Amino acid sequence: MTLSVADDSPLVTQRKRAHRSRGFWAVFFSRMLRNRISMAGAVLILAVLLVAVLAPLLAPYDPDAVQIRERLQPPSAAHIFGTDELGRDIASRVIYGAQISFYVGLISVGIGLGVGVLIGLIGGYLGGVLDAAFMLLMDIMFAFPTILLALTIVAILGAGLPSAMIAIGIVNIPTFARITRGSVLSVREKDYVDAAVVIGAKDWRIMLFHVLPNVMAPIIVQTSLGLSIAVLTEASLSFLGLGAQPPTPSWGTMLYTGQRYIEEAPWLSIFPGVAILLVVLGFNLLGDGLREALDPHMKG
Amino acid sequence: MIRYIIRRIILVIPVLLGISIFVFMLIHLIPGNVVDIILGHEVHVSAERYEELRAMFGLDKPLLVQYFIWLSRVVRGDLGVSALTNRPIMEDILLRVPVTLELSLLSFFLCVITAIPLGILSAYKSGSAADAVARVVGLLGLSVPNFWLATMLVLVTSLYARFLFRSSWVGLFENPLENLRLMILPSLSLGLANAAMIMRMTRATMVEVMQQEYIMTARAKGLREKMVVLRHALKNALLPVVTLLGIRLGYMMGGAFIIEVIFSLPGLGTFLLQGIYQRDYPLVQGTVLFIALFFVLINLLVDLLYAYLDPKISYN
């Protein structure tokens, strides 16, 4: 037997009020907790984040300690992931590598998010020539495949982790700008925005306190997906020798070295690769789950 | 339709101009003087050589004049000469395009033949164990770095299928069979991550379409399930997939760098990276411009194809 309740019944109205009064973040977290995919992603990310934070406690060896006599040792009780071409403990380097990945991810997505959301918010809300100019700039950036744009920026700035972070940040800007602008365009037409205009609120105030909080859902989803792209792009740049430089224990740099010893010491390549896979999978799961939880149209 | 095509082409012009400005500015954005950087590795540099390079970049003229001189050369297909080899860049690019194109098209083909059937199956069996497996495989495929997948494929084949290796490059028209043997691993590495994306998209649109009323009507009329899926659902579900396929083809063309490096393929990616490593900025400038223009062209073609296929798109 099913119970149907009319839309205007006191029960539904009461629930709607309770739902509204909980605010965006309370609803967001409750939906996220109920979505199994996003929870699987969140658990995976939290686990790797914990490994990154506790690296000095968890790593059995100094990640940069060279022990030539121990070089290219296969996985054993002493070195669970084996050792590299300089006798460094791979497990310790993989653990410290998590710090690099999160660091790069947070800084570069921070750049993309900060600049992109600002462009999307201002362009979408104010419209006109400014919006057209912003969108043309974004279209130009979209005209380059992600890795090509990142490579070009690194070619300008020179190889290294800071250049890679800036490059990945810039590459992320157009996606955040487009997503924010799209949502702002629909929110701009809402009654509560008109009401704020009527009472004489300033543009920056309306954008910051009335529009931005209502376009957060797609931005949060994109942040998660952006983090996965950032981790992958950093690994790609480092693999090409243009990101993190030796002896920094970046997973991409480790894979670059591992490739030379693929037949005699495959463990050099297997473990850093699995680490990248897990982090990217975690962010993708989280992003997918959040999209499902926050956007009912995506369910299926 | 003709008006739509003209309008769409006109809209591309500002983007092309923007790309040209960005690529032109590349050598001006480098910290320091580009001539000093290029000559950095040469011990004895004559004043003539220095001036020759300055003149080559047009650095003795105002910026705007430099841009228009450069643009007028680019429009005529002249991308300048390499600072290291002195060879015309366009000639070298054209030598390398077929390799990247072949790799992209093979990967694309692999993508289409695996991703679309799997996506349809997963959507049709939505909620079943097979669907769950397909979704997990899709997510894994999306998360695996293609260069790691390539390394692992090299590892596995080095143990079980050594015949797939070959030390030197053989062109497609030189020896087609040898060439295809050489391309199997690179195209698998490049194609699989893209296949995961296409599969997810096919599944998502098919699930949505299968819930539409016209599918219910088709079933109610007593049509066979195969007809419902292939004639009614697939036709409509494939429209967004076609767009994504086109975009991914562009990405494969412009993103095959690492795969080319791993398998030592003499394509555009290897060429560009060589330019970056050796700080041959004219080469970097020319190659980036070429790839970006190609990418825009593919996106334009996809848009036009989409408009042709989808009657809902307004031409006004």
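None of these values were measured; they are calculated from a predicted model.

## Observations concerning the overall build of chain A
Looking only at helices and strands, one finds 13 helices and zero strands in chain A. Reading the helices (α) and strands (β) of chain A from amino to carboxyl end gives α-α-α-α-α-α-α-α-α-α-α-α-α. The principal-axis extent of the C-alpha atoms belonging to chain A is close to 75 × 55 × 30 Å. Put simply, chain A has 300 residues, and 46% of those count as buried.

## A closer look at the overall build of chain B
When helices and strands are tallied, chain B shows 13 helices and zero strands. Ordered by position from N to C terminus, the α and β elements of chain B give α-α-α-α-α-α-α-α-α-α-α-α-α. In terms of its C-alpha atoms, chain B occupies a principal-axis envelope of roughly 85 × 60 × 35 Å. Taken across its 316 residues, chain B has 38% of its residues classed as buried. Looking at chain B alone, contacts between residues at least 24 apart form 74% of all its contacts between residues at least 6 apart.

## Details of the confidence of the model for chain B
Summary statistics for chain B give a mean pLDDT of 85 and a share of 95% for residues scoring 70 or more. Of all the helices and strands in chain B, helix α2 (residues 34-39) of chain B carries the lowest mean pLDDT, 74, while helix α5 (residues 89-124) of chain B carries the highest, 92.

## Brief notes about the interface of chain B and chain A
Chain B puts 39 residues into the contact, and the matching count from chain A is 31 residues. Elements supplying a minimum of two residues to the side of chain B that touches chain A: α1 (2-29), α6 (129-143), α7 (146-160), α8 (176-210), α10 (225-254), α11 (257-262), α12 (268-277) and α13 (281-309) of chain B. Broken down by element, the side of chain B that touches chain A gets its largest block of residues, seven residues, from α1 of chain B. Tallied by class, the residues present in the side of chain B that touches chain A amount to 31 nonpolar, seven polar and one charged.

## Considerations on the packing of α6 of chain B against α8 of chain B
Residues and elements named next belong to chain B. Remark: α6 packs on α8, axes separated minimally by 8 Å, with the N-to-C direction vectors making an angle of 135°. By the angle between their axes, α6 is oblique relative to α8. Where α6 crosses over α8, the handedness of that crossing is left-handed. Contact residues: G138, G141 and L142 in α6; L192, A193, A195, A196, M197, M199 and R200 in α8. Of the residues assigned to the contact of α6 with α8, the class counts are seven nonpolar, two polar and one charged.

## Comments concerning α1 of chain B
Between its terminal C-alpha atoms α1 of chain B stretches 40 Å, which fits the 40 Å expected from 28 residues at 1.5 Å a residue. Of the residues making up α1 of chain B, those classed as buried are V15, I19, F22, V23 and I27 of chain B.

## A few points about the packing of α1 of chain B against α13 of chain B
All names here are of chain B. With their axes 10 Å apart at the nearest point, α1 and α13 run at an angle of 165° to one another. As summarised for this structure, α1 and α13 are arranged roughly antiparallel, according to the angle between their axes. You can see that α1 and α13 cross each other, and the crossing is right-handed. Between α1, through Y4, I5, R8, V12, V15, L16, I19, V23, L26 and I27, and α13, the contact on the second element is made entirely by Y281, V284, Q285, V288, L289, A292, V296, L300, D303, L304 and A307. Of the residues in the contact of α1 with α13, the class split is 18 nonpolar, one polar and two charged.

## Some details on α10 of chain B
Residue pairs three or four apart in sequence face the same way in an α-helix, which turns once every 3.6 residues. Taking 1.5 Å per residue as the helical rise, α10 of chain B with its 30 residues ought to reach 44 Å, and the 40 Å between its terminal C-alpha atoms agrees with that figure. Approximately 50° is the largest bend angle found in α10 of chain B, and it occurs at L234 of chain B.

## Let's talk about unusual backbone geometry
Cis rather than trans, the peptide bond between P246 of chain A and P247 of chain A has omega equal to 5°. Here P247 of chain A shows up in the loop between α11 (216-239) and α12 (251-260). Although it is not a glycine, L72 of chain A sits at a positive phi angle of roughly 50°. Despite not being glycine, N86 of chain B has its phi angle at roughly 65°, a positive value.

Calculation criteria
- Residues numbered from 1 in each chain as written.
- Chains lettered and ligands numbered in written order.
- Predicted model: local features only at pLDDT ≥ 70, side-chain atom pairs only at ≥ 80, totals over all residues.
- Helix = DSSP H or I, 4+ residues; strand = E, 2+ residues; numbered from the N terminus.
- Buried ≥ 20, exposed ≤ 12 C-beta atoms within 10 Å, placed from the backbone.
- Contact = placed C-beta atoms within 7 Å.
- pLDDT = per-residue confidence, 0-100.
- Nonpolar A, V, L, I, M, F, W, Y, C, P; charged D, E, K, R; others polar.
- Axes fitted to C-alpha atoms, helices over the stretch in contact; angles between N-to-C directions.
- Parallel < 35°, antiparallel > 145°, perpendicular 65-115°, else oblique.
- Left-handed = near helix turned anticlockwise from the far one by under 90°.
- Expected span 1.5 Å × (residues − 1).
- Bend = angle between axes of the 7 residues up to and from the residue.

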